[in-house]
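Observations on the model geometry
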Amino acid sequence: MNTLQLEHISYLYSAGTPYEMRALDDVSLTIRGGTVTGLIGHTGSGKSTLVQLLNGLNRPTAGRVLIDGEDIWEKPKEIARLRYRVGLVMQYPEYQLFEETVRADIAYGPKNMGLSTEEIEARVLEAAEFAGISRDMLDQSPFDLSGGQKRRAAIAGIMAMRPEVLVLDEPAAGLDPQGREEILGGIRAYREKSGSTVIIVSHSMEDMARYCDELIVMANAKLLMQGSCEEIFSHPEELAAVGLDVPQITRVAELLRQRGLPLPESIYTVEQAAAALRQLMGGVGR
Amino acid sequence: MTSITLGQYFPGNSLLHRLDPRFKIVLAVLYITASFLCKSIWSFAALALSAVVLILISRIPPSFVLRGLRPILFIMLFTVVLNVFLTRGETLLIDFWIIHIYLEGVLTALSMVLRITVIIIGTGMFLTYTTTPIALTDGIERLFSPLKVFHLPVHEFAMMMTIALRFIPILIEETEKIMAAQKARGADFSTGSLMQRAKALIPILVPLFVSAFRRADELAVAMECRCYRGGEGRTRMTVLHATAADWVMLAAMILFGAVLLLINRFAPGFAL
């Protein structure tokens, strides 16, 4: 369920003009339903173009996008309905807030879906809880909130549509560690409650290692690698070649290993490193 | 939508591209004046020829220039219809029921169309096609700087124009992003009654205004950080210099006007 498939997707910007640019080149991949998939790649590798194909904001120049085996462009007139199934949180979503209250802003999506007033209210409260928006914040103007709160309100606006697939383009970019934690935690809570498929675009390998089941690596408009965190982060040279990196803690563990500490190779998060070190020290260094 | 360019600047290095923007503004004004001097069919012919010569000098593809005329096609058609049907004259061409078409009407219509076309092409050749918007505002500022004597904020107006021009592509991009974001939340901009469509614009306009004010704020701070305090005592990176070519073009334009007057005087074919 909620499985996304891309079949030989190509996407050209300004096709047929001298400014033509190939943003995606014959990309085929499958994103399994119910997983959290991370999409990584250097700037301009085609990540943002790819996520805008998933909810039909852009139509691929060639190839097909399938959700549960159905081509999303089979009935182009019903593409708006697909956008309720595949919710997309764009980069810096706080700049799309416009209503007088946070409550009304979160309700914008469900209202467009034509739901009843009670249903909308229930969904707004539910989404606000996932995103960590308190009750009193709901009646404030979104423009009075802090940067991180605005971002969470905007994400709640997508969650309130209860999408089966939640796609987030750099949801934690530019936030402090606590803000990142709140947002990524909220996304995890939403997924656990709804069982949806989640796709996160990020530059932070640390966040990816912590929150994702699977990673997709894009480079120069093409798919470079797809696999679990272990599989992807065991290819540091290939990642470095396309301007990416493994998590910092993985490098620290590697250096420690070179100096003779018998640490395991699969260390991608600080928690894993801490656990491994504690074990080495015989459980004393708490 | 990203294909929208302001004006239609066509990069190049022709004689017209290289002229001093101040001279180009003056030349454009003179050229428009010249087009109104035409009174005989022969001076109109000379005017049309001059437009062709300008296009050739600029080395801009004629198809590109003609495409620039498309937006005013309706105005031209309107002028033709009005003149052909409403001008009264002496030589009746068609007299049918309530329709009376006179030769004078047809001639007026033709001369109007030619005049509008030449004005558009002329200003395009001197200004929009061959001058970057920034060079243009620079030229305007310098050309009008004598008005500072009358306490007219010439520099401030020019700075406002520059900033406005600079911001247009940024705001277009911003609009596209916001539209995509609201579409992702199920916004529908293309169906429904006029009222519904106008309402559907609110989710775009509010964030757009918020971001425009934010950008304006940031720009103001950035300018103050670099000690901007108006045009007083400000030096420029590119100083405009009039060259021989500029003076030659100016002389040629004045000569052209004189020639048109002479043609009117000595070859008044179908004088209007």
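Before reading further, recall that the structure is shown in the block above.
Here we summarise the structure given alongside this text. Not measured: the values here are computed from a predicted model. (Residues numbered from 1 in each chain as written. Chains lettered and ligands numbered in written order. Predicted model: local features only at pLDDT ≥ 70, side-chain atom pairs only at ≥ 80, totals over all residues. Heavy atoms only, no water.)

1. Details of the overall build of chain A
- On a plain count of helices and strands, chain A comes out with 12 helices and 10 strands.
- Taken against the 2.2 N^0.38 rule, which gives 19 Å for 286 residues, the C-alpha radius of gyration of chain A at 20 Å falls within 12% of a compact globule.
- Seen along its three principal axes, the alpha-carbon backbone of chain A occupies a region of about 65 × 50 × 35 Å.
- Looking at chain A as a whole, 50% of its 286 residues are labelled buried.
- Partitioning the intrachain contacts of chain A with sequence separation of at least 6 by distance along the chain shows that 63% fall at a separation of at least 24.
- Carbon and sulfur atoms make up 49% of the accessible area of chain A, which amounts to about 13500 Å² in all. (Helix = DSSP H or I, 4+ residues; strand = E, 2+ residues; numbered from the N terminus. Rg over C-alpha atoms; globule rule 2.2 N^0.38 Å. Buried < 20%, exposed > 50% of the residue type's maximum accessible area, 1.4 Å probe, protein only. Contact = heavy atoms within 4.5 Å. Areas by Shrake-Rupley, 256 points an atom, 1.4 Å probe, with all protein chains shown as cover.)

2. Focus: the interface of chain B and chain A
- Contacts between chain B and chain A engage 16 residues on the former and 18 residues on the latter.
- Of the roughly 1500 Å² buried between chain B and chain A on both sides combined, carbon and sulfur atoms contribute 61%.
- Counting the surface chain B buries against chain A, the share from its top three residues, Lys183(B), Ala184(B) and Arg185(B), is 43%.
- Inspection of the region where chain B meets chain A yields one salt bridge.
- With a shortest N-O distance of 3.1 Å, Asp105(A) and Arg185(B) are connected by a salt bridge.
- Applying the counting criterion to the chain B and chain A interface returns three residue pairs in polar contact (both at pLDDT 80 or more).
- With seven residues, the single largest contributor to the side of chain B that touches chain A is helix H8 (residues 154-184) of chain B.
- Residues that form the side of chain B that touches chain A fall into these classes: 10 nonpolar, two polar and four charged. (Buried area = accessible area lost by both parts, 1.4 Å probe. Salt bridge = Lys/Arg side-chain N within 4 Å of Asp/Glu carboxyl O. Polar contact = N/O pair within 3.5 Å; in protein donor to acceptor, adjacent residues only side chain to side chain. Nonpolar A, V, L, I, M, F, W, Y, C, P; charged D, E, K, R; others polar.)

3. Quick word on the sheet that holds strand S3 (residues 36-41) of chain A
Residues and elements named next belong to chain A.
- Strand order in the open sheet formed by six strands is S6-S7-S8-S3-S9-S10, and the pairing between neighbours is mixed. Only two strands of the sheet have a single partner each, and these edge strands are strand S6 (86-89) and strand S10 (222-228). Sheet twist, expressed as the mean angle between neighbouring strand axes with direction ignored, is 15 degrees.
- As paired elements, S6 and strand S7 (residues 165-169) share four bridges and run parallel to each other. By the bridge assignment, Gly-87 is partnered in S7 with Leu-166.
- Contacts between helix H7 (residues 177-194) and the sheet are confined to S3, S7 and strand S8 (197-201), with S8 contributing the most and set at about 160 degrees to the helix. (Pairing = 2+ DSSP bridges. Axes fitted to C-alpha atoms, helices over the stretch in contact; angles between N-to-C directions.)

4. Considerations on the pairing of S10(A)
Residue and element names in this part refer to chain A.
- Pairing of strand S9 (residues 214-219) with S10, which is carried by six bridges, proceeds in the antiparallel orientation. Each residue of the ladder has a partner; that of Met-218, found in S10, is Leu-223.
- Linking S9 to S10, which pair antiparallel, is a turn of two residues; within it Asn-220 sits at a positive phi near 50 degrees.

5. Points about the pattern of salt bridges
Residue and element names in this part refer to chain A.
- Summed over the entire model, instances satisfying the criterion amount to 21 salt bridges over all chains.
- With a closest N to O distance of 3.1 Å, Glu-164 and Arg-85 form a salt bridge. With Glu-164 in the loop between helix H6 (147-159) and S7 and Arg-85 in helix H2 (residues 79-85), the pair connects residues that are 79 residues apart, well separated along the chain.
- Given the relative accessible area of 27%, Arg-85 is considered partly exposed.
- For Arg-257, the salt bridge is made with Glu-254, and the minimal N-O distance between the two is 2.6 Å. Remark: Glu-254 and Arg-257 occur in helix H11 (residues 248-258); sequence separation between them is three residues, near one turn of the helix.
- Residue Arg-257 is classed as partly exposed on the basis of its relative accessible area of 21%.

6. Quick look at the sheet that holds strand S2 (residues 21-31) of chain A
Residue and element names in this part refer to chain A.
- Spatially, S2-S1-S4-S5 is the arrangement adopted by the four strands of the open sheet, whose pairing is antiparallel. Either end of the sheet is taken by a strand with one partner, and the two such strands are S2 and strand S5 (70-71).
- Where strand S4 (residues 62-67) and S5 come together, two bridges link them in antiparallel fashion. Bridging from a neighbouring strand, Leu-66 pairs with Asp-71 of S5.
- Against the sheet, helix H1 (residues 47-54) engages strand S1 (4-13), S2 and S4, with an angle of about 120 degrees to S1.

7. Some remarks on helix H2 (residues 21-37) of chain B
- Helix length check: H2(B), at 17 residues, gives a terminal C-alpha distance of 24 Å against a target of 24 Å (1.5 Å per residue), a fit within 8%.
- Taken residue by residue, H2(B) has Pro21(B), Arg22(B), Phe23(B), Lys24(B), Ile25(B), Leu27(B), Ala28(B), Tyr31(B), Ala34(B) and Ser35(B) as its buried positions. (Expected span 1.5 Å × (residues − 1).)

8. Some points on unusual backbone geometry
Residues and elements named next belong to chain A.
- Backbone geometry places Asp-68, a non-glycine residue, at a positive phi of 50 degrees.
- For Asp-68, the position within the fold is in the loop between S4 and S5.
- By relative accessible area, which is 37% here, Asp-68 ends up partly exposed.

9. Describing the side chain of Lys47(A)
All names here are of chain A.
- If you trace the backbone, Lys-47 turns up in helix H1.
- A polar side-chain atom of Lys-47 sits 3.2 Å from a polar atom in the side chain of His-203.
- The contacts of Lys-47, once residues within four sequence positions are left out, are Leu-39, Ile-40, Gly-41, His-42, Val-201, His-203 and Met-218.

10. Quick word on the state of the cysteines
- Evaluation of the coordinates by the stated rule reveals zero disulfides over all chains.
- With no disulfide of its own, Cys212(A) lies closest to Cys229(A) among cysteine sulfurs, the gap being 6.2 Å.
- For Cys212(A), a relative accessible area of 8% puts it in the buried group.
- The thiol of Cys227(B) is unpaired, and the distance to the nearest cysteine sulfur, on Cys225(B), comes to 8.4 Å.
- A residue is classified by how much of its surface remains accessible, and Cys227(B), at 61% relative accessible area, is exposed. (Disulfide = S-S within 2.5 Å.)

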